[in-house]
Amino acid sequence: MGTLRNHVEAEVWTGRTDHTERRSSFRYHQIVEPMELNTPWETFSTNTCAIIGFECEEGVRRNQGRLGAANAPNALRQALASIPWRAAKGHRLVDAGNVTCSNNKLEKAQEALGNAISYLYSKSTTPIILGGGHETLYGHYLGVRKHIGQDASLGIINIDAHFDLRPYDNQPSSGTMFRQILEQDHNSRYFVLGIQRFGNTQELFDTADELGACYILEEEMHHGQMQDIISSLHDFIAQQDYVMLTLCTDVINAAFAPGVSASSPFGLTPMVVRDLIRTVATHKKTLSFDICEVNPTLDENGRTIKLGAYLTNEAIIAFMGRNNDDAGT
């Protein structure tokens, strides 16, 4: 069997209800609108975000990582469900279900995710992709490129402890995506924030330099330096026609995010990651966001899942706020 697009069961979107009619008391589970990808959609306003999950960890398996990330999309939905909805009136959130990787067919699953994301763009929604291993990013990229065309310049901003620039001669994995993109798409640029000095070999640093990647080390990313970092992000974005944002949760300090495939003892704090997401997602050139490598199997008391949901919420509210100054009030 190949790749399936799965309906998300209603019980995933359940949570505390403070009021059944007063919108100012609503939470995510009272706002979200389930949709079916295999049925015709209306064209939404630009104030609509569309959640889509990628139930896949085949890339992690090929990269010899710890499995469990395929269970993250629905776990993240459940954690989002009870978060208060703070976007302005008129903003909408839809859920397009999950794309599932079957029979280890990673490449077909990534292609299916890309087609689904392209469809979401065609309906004027902003895709919010819940991975999955970080191989989710390549399907995300395929959807973005299909949407913007081959000639537009694309900046890919990755918040990550690792470059993910490994060779893909034998097969793609969760550690090869950015090399695939940079070698095959000369209109793409790569900026990664949070790189671990001892989480990447010297060969990977050399490859990053050869491919023209921009990067900032984890040890250089503290609140006292955020203004310079944000300035660098704005400079990078200004040089691109479009931008996409991806978060690999293994960039976060393991004390806050133990439930990931490859944890980072010296990782970033959640506050720094939140600032980065807000900075990028509020820019009008940014088309979409994905969160990857949350691993419910390895999590402790749901800490990583809850943090992942809160960071996803930051992205959604930032996207919403671009189109209405009242968002978040």
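Preceding block: the structure.
Please read these numbers as outputs of a predicted model, since none were measured by experiment. (Residues numbered from 1 in each chain as written. Predicted model: local features only at pLDDT ≥ 70, side-chain atom pairs only at ≥ 80, totals over all residues. Heavy atoms only, no water.)

Undergrad: Please clarify how the side chain of His134 should be interpreted in this entry.
TA: Considering the arrangement of structural elements, one finds His134 in the loop between strand E5 (126-131) and helix H5 (136-148). Judged by relative accessible area, His134 falls into the buried class, the value being 0%. Looking at His134, its side chain comes within polar contact range of the side chain of Thr246, at 2.9 Å. His134 has contacts with Asn158, Asp160, Asp164, Ser174, Met177, Phe178, Thr246, Cys248, Cys292 and Glu293, leaving out every residue within four places of it along the chain. (Helix = DSSP H or I, 4+ residues; strand = E, 2+ residues; numbered from the N terminus. Buried < 20%, exposed > 50% of the residue type's maximum accessible area, 1.4 Å probe, protein only. Polar contact = N/O pair within 3.5 Å; in protein donor to acceptor, adjacent residues only side chain to side chain. Contact = heavy atoms within 4.5 Å.)

Undergrad: Would you mind showing me how to read the pairing of strand E10 (residues 286-292) here?
TA: Successive residues of a regular strand alternate their side chains across the two faces of the sheet. Here E10 lies mainly inside the structure; seven of its seven residues are buried. In this sheet, E10 lies alongside E5 in parallel orientation, the contact comprising three bridges. Looking across to E10, one finds that Ile129 is bridged to Asp290. In this sheet, E10 lies alongside strand E9 (residues 242-248) in parallel orientation, the contact comprising five bridges. Paired with Cys248 across the two strands is Cys292, which belongs to E10. Crossover E9 to E10 through helix H9 (residues 270-281) is right-handed. (Pairing = 2+ DSSP bridges. Right-handed = clockwise from strand over helix to strand, strands pointing away.)

Undergrad: Would you mind showing me how to read helix H6 (residues 177-184) here?
TA: A turn of α-helix holds 3.6 residues, and therefore any two residues three or four places apart point the same way. Most of H6 is tucked away: six of the eight residues are buried. By the burial criterion, the buried members of H6 are Met177, Phe178, Arg179, Gln180, Ile181 and Leu182.

Undergrad: It is not clear to me how the pairing of strand E6 (residues 154-159) should be interpreted in this structure. Could you clarify?
TA: A large share of E6 lies buried, amounting to six of its six residues. Of the two faces of E6, both are covered, the one formed by Leu154, Ile156 and Asn158 as well as the one formed by Gly155, Ile157 and Ile159. When E6 meets strand E7 (residues 188-195), the two strands line up parallel, connected through six bridges. Residue pairing in the sheet places Ile159 in a bridge with Leu193 of E7.

Undergrad: What am I meant to see in the pattern of salt bridges here?
TA: Side chains that carry opposite charge are capable of pairing whenever their charged atoms lie near each other. Counted under the stated rule, the structure contains 13 salt bridges. Asp18 is the partner of Arg27 in a salt bridge, and the nearest nitrogen-oxygen pair spans 2.7 Å. The residue Arg61 makes a salt bridge to Glu58 at a minimum N-O spacing of 2.6 Å. You can see Arg61 and its partner Glu58 sitting in helix H2 (residues 58-62), three residues apart, about one turn around the helix. By relative accessible area, which is 42% here, Arg61 ends up partly exposed. With a relative accessible area of 5%, Glu58 lands in the buried category. (Salt bridge = Lys/Arg side-chain N within 4 Å of Asp/Glu carboxyl O.)

Undergrad: I tried to follow the packing of aromatic side chains on my own but got confused; where do I start?
TA: Aromatic ring pairs: the centre-centre distance and the angle between the two ring planes describe each pair. Inspection of the entire model under this criterion finds nine aromatic pairs. Pairing Tyr28 with Trp85 gives two aromatic rings, centres 5.0 Å apart and planes at 85°, and the pair type is edge-to-face. Of this pair, Tyr28 sits in helix H1 (residues 28-31) while Trp85 sits in the loop between helix H3 (72-81) and strand E4 (92-100); the two residues are 57 residues apart in sequence, bridging distant segments of the chain. Here Tyr28 matches Trp85 in class, with each residue buried. Considering the side-chain rings of Trp41 and Phe44, the 5.9 Å spacing of their centres and the 80° angle between planes classify their relative orientation as edge-to-face. The class for Trp41 is buried, based on a relative accessible area of 6%. You can call Phe44 buried: its relative accessible area is 6%. Within the aromatic cluster, the residues linked to one another by ring pairs are Trp41, Phe44 and Tyr119. (Phe/Tyr/Trp six-rings, centres within 6.5 Å; stacked < 30°, edge-to-face > 60°.)

Honestly, that's just the spatial picture; any functional story needs more than this.
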